Amino acid sequence: LVADLNGSTGNLAIVGGPQSGKSTALRTLILSLSMTHTPEQIQFYCLDFGGGTLLGLKDLPHVGSVANRLDSDRVRRTVAEVLGVVAKRERLFRDLGIESMADFRRLRTADPAGEGEAAGLREDPYGDVFLVVDGWPSVRSDFESLEPQINMLAGQGLSFGVHVIVTTSRWAEIRPALKDQLGTRIELRLGDPGDSDAGRRKAGLVPEGRPGRGITRDGLHFLAGLPRIDGLPGSENSSTAVVATVERIAAMSNSRPAPTVRMLPD
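Cut-offs used in this document
- Residues numbered from 1 in each chain as written.
- Predicted model: local features only at pLDDT ≥ 70, side-chain atom pairs only at ≥ 80, totals over all residues.
- Heavy atoms only, no water.
- Buried < 20%, exposed > 50% of the residue type's maximum accessible area, 1.4 Å probe, protein only.
- Helix = DSSP H or I, 4+ residues; strand = E, 2+ residues; numbered from the N terminus.
- Pairing = 2+ DSSP bridges.
- Contact = heavy atoms within 4.5 Å.
- Axes fitted to C-alpha atoms, helices over the stretch in contact; angles between N-to-C directions.
- Left-handed = near helix turned anticlockwise from the far one by under 90°.
- Nonpolar A, V, L, I, M, F, W, Y, C, P; charged D, E, K, R; others polar.
- Polar contact = N/O pair within 3.5 Å; in protein donor to acceptor, adjacent residues only side chain to side chain.

This part takes up the pairing of strand β6 (residues 184–188). Counted residue by residue, β6 has five buried out of five residues, so it is predominantly covered. On β6, burial covers both faces: T184, I186 and L188 on one face and R185 and E187 on the other are all buried. Pairing of strand β1 (residues 12–15) with β6 involves four bridges; the strand directions are parallel. The residue bridging A13 from the neighbouring strand is R185, located in β6.

What follows concerns the environment of G16. Structurally, the position occupied by G16 is in the loop between β1 and α2 (22–36). A relative accessible area of 0% places G16 in the buried class. Between the C-alpha atom of G16 and that of W171, which follows or precedes it by 155 residues, the distance is 8.7 Å. With residues near it in sequence (within four places) discarded, G16 still touches K22, T168, S169, L188, R189 and L190.

Between helix α3 (residues 72–96) and helix α6 (residues 147–156), whose axes approach to 11 Å, the crossing angle comes to 35°. Considering how the two elements wind past one another, α3 and α6 form a crossing that is left-handed. For the pair formed by α3 and α6, the contact residues are V79, V82, L83 and V86 on the first element and Q149, I150, M152 and L153 on the second. For the contact of α3 with α6, the class distribution of residues is seven nonpolar, one polar and no charged.

With that out of the way, let us pick up the side chain of H62. Looking at where H62 falls in the secondary structure, it is placed in the loop between β2 (42–48) and β3 (63–68). There is a polar contact of 3.2 Å between the side chain of H62 and the backbone oxygen of S34. Those residues within four positions of H62 in sequence are excluded, and the remaining contacts are S34, H37, T38, P39, I42, Q43, F44, I249 and A258.

Here's what the structure looks like:
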């Protein structure tokens, strides 16, 4: 999955019925990527419309912002900030003759101080940027004006290292224009197996009442891990485990944190 997100299929959808483990799988993904990359290599900007589970990640050095439905200004500013990354990189790539994100990552890795061939990259404080939307239907109902902007990010962002991750309860809630751009797909237990991309028969084999279980696009069964590194089984005290994991990652980080979302004064 990490390889997919770093490649050409680097937009992701996590789809599942109520209490199927969507937000938990999302936290596992964010923490896993944060444990294998520095805050200068990847950054997350989260729109938390799924019940507040992403709020526990706000102190992660890889997370630039977590905004919920009530903080409408921050929601809009978050999307605008990520759009700005694409616009600035489009100019930067043209001016420096960078052909792809693979070249961008290579130059950054070979010359982290930003000297020589990579001198012009010092003005870009971002690495691979992930716009995370936990609860996609809220965008369509409460922030309708942002939907075409996020669709544009999904369609054009990968060329400039910007990824879109969304969670939702049904595939039908994602319009075809966006769904076609979501190359990596995780399907947990659906409320109606007939809505499955893999077909009713295969989707019906995913056990009910077992959060984190689902099927891949190839119809293979999978089990998502829990967002904890304390070695304890089960989801009890998961919020405490997430906070402890965030604190441990933050303590081990020695690079600059993700740029924060800039807000106008109140």
